[in-house]
Amino acid sequence: MFDEKELMFQVKGGQLDKLATLFENNKVQLFNYFLRTGNNRALSEDLVQETFMRVLAYRTSFSGSSTFKSWMYGIARNTVAEHYRKNKNQSLNCDMDDEEIANERTLAEEFETKQQNAIFNKSLANISPEDREIIMLSRFQQLNYQEISTLLDCNLNTLKSRMRNAVSKLQMSYQSLVGESN
Amino acid sequence: MTNQEIIDWKIASLANNDKSELSEEMQSYLDKNAKLKEELLFIDHFWTNDVKPIVMPSSKLDANFYQMLSRAQSAQQHSVQQGITQLAMPQNGYGASLQEQPVSLLDKVKSWLMPLPIAQFATLALVFVLGFNLNQSRSNNMNNSDYIGLQHEVSSLSTMLAISMLQKDSASERLSGVAYSRQADLSNPLLVEQLIELLAKDKSTSVRLAVINSLGQLKSFGSSEQQLFTLATKEENLLVQIELCRLLLNYGSVDIKNRLTDQANQQLLKPEVQEFIQAQLMASYI
């Protein structure tokens, strides 16, 4: 396993080839992060590319006070926010809306594993973007509490209580959808 | 023991793939709290189910990334080479003035002391000034190399950003890239190559005209001159062709100017372009 922080310090020191290892380690997760926040495939790929370009451009600002992952996701969040600020007419989470419609169509059909996942996804889409983000960073991007708190710039206890609220809203949304489908 | 603590433990253990069991205290607390049990079950279910399968990006992402990385490496290499050249020849630049500085100050201090009778006091002052000055010049030299390093860093970054902007899909972004390239290091062959590629293939006339304008800052085109000549003779867009001819007539080598004139004389170019070249030649004779 590579020490990503050490690799990033080497990139900072001018060994740009080390960025390739960081890219290979993180591209799939980062791409899925953009997909899960509701961007389409092409845009998600562009955003991964843009994020790594910024990692390279801002390499001298990497201090190592946080993990590479949390620093990189910070850049990724800014990249996507800037994209939507520049393209105000483009709606955010367009894929999530599509997914909701698709899910609604399938909800009536059967209620087994696939459907349960569809309900999970729909309940995730139903909660606020802030709550969704905390859950996603922990559940799908596998960041730990410390990394998420650094990324979101909040203290650990606040994060824990926000996480609990988010999970409880997700559960409420899930239960109401299960109730609807029954 | 609180609900929050148990939920924190659950999420942390799932997130860290920790298989540790519930403590007895937690278990007994949980047994008395059915709602919390249900909440934990839900979390467990959500965290362990393959809710959203991993999607793989296309190979285009890899191709774009490695292209960007290779450009950044070339830009870095280019600026390092420039840095070595500058450091090897400090006589003409900023470094030279810094090296000369202690000598000129020494001469000044000597000239102040010579005619004065307070030699002892002045000698002490001289030692102090010399010590201070030498110390400062050493740190200035260090600052100078740091400064040059910083300049290269900024230059390679600007070049990389300019190249990346030139590859954008939107014409307005490419246009901004062309404008930005003027602030970047235009002597970088990669940047020039990218600009010429844009000039040859871009669909937007304004982007192409802006590229011609930027290339004018180069003053001489070196190995790219032949490429520009071919573009100028084969260009279909009249406006772009005239501007390309203007560029080559203003900054091209004598040989290229002659070849362009020959093309006009042999009527191989559009009549408007021939007229333009002849008018330019007339103006230069006057």
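Residues numbered from 1 in each chain as written. Chains lettered and ligands numbered in written order. Predicted model: local features only at pLDDT ≥ 70, side-chain atom pairs only at ≥ 80, totals over all residues.

### Details of the overall build of chain A
Inference 1: Helix and strand counts for chain A come out as nine helices and zero strands.
Inference 2: Ordering the α and β elements of chain A from the N terminus gives α-α-α-α-α-α-α-α-α.
Inference 3: Per-residue burial for chain A yields a buried fraction of 36% across its 182 residues.
Inference 4: Relative to all contacts within chain A whose residues are 6 or more apart in sequence, the contacts with residues 24 or more apart total 61%. (Helix = DSSP H or I, 4+ residues; strand = E, 2+ residues; numbered from the N terminus. Buried ≥ 20, exposed ≤ 12 C-beta atoms within 10 Å, placed from the backbone. Contact = placed C-beta atoms within 7 Å.)

### Things to note about the overall build of chain B
Inference 1: Along the backbone of chain B there are 13 helices and zero strands.
Inference 2: Starting at the N terminus, the α and β elements of chain B follow one another as α-α-α-α-α-α-α-α-α-α-α-α-α.
Inference 3: Residues classed as buried in chain B amount to 22% of the 286 residues present.
Inference 4: Within chain B, residue pairs in contact and separated by at least 24 positions form 62% of the contacts whose partners lie at least 6 positions apart.

### A few points about the interface of chain B and chain A
Inference 1: Taken together, the contact pairs 32 residues of chain B with 33 residues of chain A.
Inference 2: Only helix H1 (3–15), helix H3 (34–48), helix H4 (59–88) and helix H6 (119–166) of chain B provide two or more residues apiece to the side of chain B that touches chain A.
Inference 3: Class assignment for the residues of the side of chain B that touches chain A results in 20 nonpolar, eight polar and four charged. (Nonpolar A, V, L, I, M, F, W, Y, C, P; charged D, E, K, R; others polar.)

### Digging into the packing of helix H11 (residues 238–251) of chain B against helix H12 (residues 254–265) of chain B
Residue and element names in this part refer to chain B.
Inference 1: Running from N to C, H11 and H12 cross one another at 140°; their axes reach a closest spacing of 8 Å. Between H11 and H12, the interaxial angle falls into the category oblique. Note on packing geometry: the crossing formed by H11 with H12 is left-handed. Contacts from Cys245, Leu248 and Leu249 in H11 reach Ile256, Lys257 and Leu260 in H12.
Inference 2: Across the contact of H11 with H12, the residue classes tally to five nonpolar, no polar and one charged. (Axes fitted to C-alpha atoms, helices over the stretch in contact; angles between N-to-C directions. Parallel < 35°, antiparallel > 145°, perpendicular 65-115°, else oblique. Left-handed = near helix turned anticlockwise from the far one by under 90°.)

### Some points on unusual backbone geometry
Inference 1: A positive phi angle, close to 55°, is found at Gln142(A), a residue other than glycine.
Inference 2: By the secondary structure assignment, Gln142(A) is in the loop between helix H7 (129–139) and helix H8 (145–152).
Inference 3: Although it is not a glycine, Gln267(B) adopts a positive phi angle of roughly 55°.
Inference 4: Looking at the element boundaries, Gln267(B) is found in the loop between H12 and helix H13 (271–285).
Inference 5: Taking the C-beta count within 10 Å as the criterion, Gln267(B) has 9 such neighbours and is therefore assigned exposed.

### Thoughts on the packing of helix H1 (residues 4–12) of chain A against helix H2 (residues 18–36) of chain A
Residue and element names in this part refer to chain A.
Inference 1: Contact geometry for H1 and H2: axes closest at 8 Å, N-to-C directions at 140°. Here H1 runs over H2; the crossing is left-handed. Every residue of H2 that contacts H1 at Glu4, Leu7, Met8, Gln10 and Val11 is listed here: Lys18, Leu19, Thr21, Leu22 and Asn25.
Inference 2: Taken together, the residues of the contact of H1 with H2 break down into five nonpolar, three polar and two charged.

### Focus: helix H10 (residues 225–234) of chain B
Residue and element names in this part refer to chain B.
Inference 1: Within H10, burial applies to Leu228, Phe229 and Ala232. Projected onto a plane normal to the axis of H10, the buried residues spread over an arc of 100° and lie on a single side. Exposed and facing more than 90 degrees away from the buried side of H10 are Thr230 and Lys234.
Inference 2: Elements that come into contact with the buried residues of H10 comprise H11 and H12. (Arc of directions from axis to C-beta.)

### Some thoughts on the confidence of the model for chain B
Residues and elements named next belong to chain B.
Inference 1: Overall, the predicted model of chain B reaches an average pLDDT of 76, with 74% of residues at or above 70.
Inference 2: Within chain B, H10 carries the highest mean pLDDT (90), whereas helix H5 (residues 94–113) carries the lowest (49).
Inference 3: Here residues 90–103 is a poorly scored stretch, pLDDT under 50, and it has 15 contacts once near neighbours within four places are set aside; other chains count.
Inference 4: Quick note on the complex model: pTM equals 0.50, ipTM equals 0.77. (pLDDT = per-residue confidence, 0-100.)

### Some details on the environment of Lys27(A)
Inference 1: Structurally, the position occupied by Lys27(A) is in helix H2.
Inference 2: Residue classification places Lys27(A) among the buried residues on the basis of 20 C-beta atoms within 10 Å.
Inference 3: Here the alpha-carbon distance between Lys27(A) and Phe52(A), two residues 25 residues apart in the chain, equals 9.1 Å.
Inference 4: In this structure, Lys27(A) is in contact with Val48(A), Pro57(B) and Leu61(B), ignoring residues within four places of it in sequence.

### Here's the deal with the confidence of the model for chain A
Inference 1: Looking at chain A as a whole, the pLDDT averages 82, with 83% of positions reaching at least 70.
Inference 2: Per-residue pLDDT stays below 50 along residues 92–110 of chain A; that stretch engages in 24 contacts with residues further than four places along the chain or on separate chains.

### Regarding the environment of His152(B)
Inference 1: Inspection of the secondary structure assignment puts His152(B) in helix H6.
Inference 2: Judged by local crowding, His152(B) falls into the buried class, with 20 C-beta atoms found within 10 Å.

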